[in-house]
Amino acid sequence: SVRLLCVVYPVSRRLLVLSNFLSSLNSNHTMAFPIPSPYEWDASFDVKYDVINDQHKELFKLIRELDADRASGDKLTALLNYVVLHFTHEEGMFDANKYEDTASHKATHAKFVNDAKALTSIGDSEMTFIKQWLVDHIKATDVKYMGKLG
């Protein structure tokens, strides 16, 4: 099992980290695909690998659960832990199949995890970003490995 260790920062540090996180969202992230409502996995997210599709479905579920109870530190931790587990599995598939875009895909994963680990609360902006990031990541980035992972 994967454990995620969250660092507790003083309030001023948390606000700075959150401000940097939100700034990076606006400057580095193109919102290209609509966020589904209700927020559920559907066939448009199919990457042709059942295990990854199942993990993506679980991510959608965990995001919905966090959205329903944004004050829950446990739900945020559960989501972040599963994100790390999913990324680790996906990256293992990249390595095993010598996927040519491994380095940039891993860098995208690492940036998301580092930014998300700094979150201490979830408001509307953070929730929208998390939902949008998953939608865009699957539909614009994960689709690139279809047919290339064995």
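Everything quoted here is computed from the prediction, not taken from an experiment.

Things to note about the confidence of the model for the protein
Per-residue pLDDT for the protein has a mean of 85; in total, 79% of the residues score no lower than 70. Mean pLDDT in the protein bottoms out at helix α1 (residues 11-28), which sits at 47, and peaks at helix α2 (residues 50-68), which reaches 98. Taken together, the stretch residues 1-16 has pLDDT below 50 and engages in 11 contacts with residues farther than four places along the chain or on a different chain. When the criterion is pLDDT under 50, residues 22-29 qualifies, and its contacts beyond four places in sequence or with other chains add up to 11 contacts.

Structural notes on the environment of Gly147
Note that Gly147 resides in the segment after α5 (124-141). The spatial distance from the C-alpha of Gly147 to the C-alpha of Lys48 is 7.6 Å, given a sequence separation of 99 residues.

Section: unusual backbone geometry
Cis geometry is found at the peptide bond from Ser37 to Pro38, where omega equals 5°. With respect to the secondary-structure elements, Pro38 resides in the loop between α1 and α2. Even without being glycine, Lys98 reaches a positive phi, approximately 50°. Looking at the secondary structure, you find Lys98 in the loop between α3 (73-96) and α4 (102-117).

A word on the side chain of Thr141
With respect to the helices and strands, Thr141 occurs in helix α5. Accessibility expressed as a relative area gives 19% for Thr141, which makes it buried. Residues contacting Thr141, with those up to four places away along its chain left out, are His105 and Asp136.

Criteria and thresholds
Residues numbered from 1 in each chain as written. Predicted model: local features only at pLDDT ≥ 70, side-chain atom pairs only at ≥ 80, totals over all residues. Heavy atoms only, no water. pLDDT = per-residue confidence, 0-100. Helix = DSSP H or I, 4+ residues; strand = E, 2+ residues; numbered from the N terminus. Contact = heavy atoms within 4.5 Å. Buried < 20%, exposed > 50% of the residue type's maximum accessible area, 1.4 Å probe, protein only.

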